[in-house]
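Structural description and commentary
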Amino acid sequence: MADTTPADDMVATLRSAAQILLDLADETDDEIKTNAYWHSRIAPEALWFAHGIDNAVGGPGGLLAGLLSPEAARGLAGWLRGQAEFGEGVTAAHGYLTEPALRAIGPAYTFATQITVARKILGGP
């Protein structure tokens, strides 16, 4: 069944997910700077986050989690915000739109991927 969520709700979802990532990136940067746990003697400072997560979790999960550094989270947030701006522009130009309509107007793979990622960040399906 196609998603018929109004475009303004999708824009809000994208913006909310982006803001969560930005807030967590800032909080993580602050923690890395102030908490000695992160201050590795064997990894360069730029890799303290990845090293600390891998050390704490280990295995593929630790490596994967360590890749989503504060810098990567900020990049992902920018990607989500860019799609939110696109959605706002389409809504302003065409009125009330649903996700299938936005997909038809814009780059479908991009929008579908970004809204899915945003929903996962917000704890949804």
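It should be noted that the structure appears before, not after, this text.
Residues numbered from 1 in each chain as written. Predicted model: local features only at pLDDT ≥ 70, side-chain atom pairs only at ≥ 80, totals over all residues. Heavy atoms only, no water.

So, the pattern of salt bridges
Where we set the bar: What makes a salt bridge here is a side-chain nitrogen of Lys or Arg within 4 Å of a carboxyl oxygen of Asp or Glu, nothing more. Strands here mean DSSP runs of E at least two residues long; helices mean DSSP runs of H or I at least four residues long; both are numbered from the N terminus.
Per the stated rule, a full pass over the model turns up two salt bridges. Salt-bridge contacts for R74 lead to D26; the nearest nitrogen and oxygen are separated by 2.8 Å. Placement of R74 in helix α4 (residues 70-94) and of D26 in helix α1 (residues 7-34) is noted, with a sequence separation of 48 residues between them. Between D29 and R74 there is a salt bridge; the shortest N-O distance is 2.7 Å.

Quick notes on helix α2 (residues 48-57)
Short version of the rule: Residue exposure (1.4 Å probe, protein chains only): buried if accessible area is under 20% of the type maximum, exposed if over 50%, otherwise partly exposed. It is the directions from the helix axis to the C-beta atoms whose arc is reported.
Along α2, the positions that sit buried rather than exposed are W48, F49, G52 and I53. Axial view of α2: buried residues confined to an arc of 125°, hence all on one face. Just downstream of α2, G58 is the residue with a positive phi angle, here 75°.

Points about the packing of α2 against helix α3 (residues 59-67)
Formally: Interaxial angles span 0 to 180 degrees and are taken between N-to-C directions of axes, which are lines fitted to C-alpha atoms, for helices over the stretch in contact. For classification, angles of less than 35 degrees are called roughly parallel, those exceeding 145 degrees roughly antiparallel, those between 65 and 115 degrees roughly perpendicular, and all remaining angles oblique. Each crossing is labelled by how the near helix is turned from the far one, with a counterclockwise turn of less than a right angle marking it left-handed and a clockwise turn marking it right-handed. Residue contacts are defined here by distance: any two heavy atoms, one from each residue, within 4.5 Å place the two residues in contact. Residue polarity is assigned by list, with Asp, Glu, Lys and Arg as charged and Ala, Val, Leu, Ile, Met, Phe, Trp, Tyr, Cys and Pro as nonpolar; anything else, Gly included, falls into the polar class.
In contact at an axis separation of 8 Å, α2 and α3 are set at 155° when each is read in the N-to-C sense. Classed by the angle they form, the pair α2 and α3 counts as roughly antiparallel. Of the two possible hands of crossing, α2 and α3 adopt the one that is right-handed. Here F49, A50, I53, D54 and V57 of α2 lie close against α3, whose contacting residues are G59, G61, G62, L63, A65 and G66. Grouping the constituent residues of the contact of α2 with α3 by class yields six nonpolar, four polar and one charged.

A look at the environment of R74
Exposure remark for R74: the relative accessible area of 28% places this residue in the partly exposed category. Distance from R74 to D23, taken between C-alpha atoms, is 9.3 Å for residues 51 residues apart in sequence. Contact partners of R74, with chain neighbours within four places excluded, come to L22, A25, D26 and D29.

A look at the nonpolar core
Operational definition: To define a nonpolar core, start from buried Ala, Val, Leu, Ile, Met, Phe, Trp, Tyr and Cys residues and group those joined through side-chain atoms within 4.5 Å.
With 14 residues, the main nonpolar core has L14, L21, A77, L80 and A118 as its most contacted residues. Looking at this core, the elements with two or more residues in it are α1, α4 and α6 (108-121). The greatest single-element share of this core, amounting to eight residues, is contributed by α1. Sequence-distant contacts of A77, defined by excluding residues within four places in its chain, comprise A18, L21 and L22. With six residues, the next largest nonpolar core counts W38, A43, W48 and F49 among its residues.

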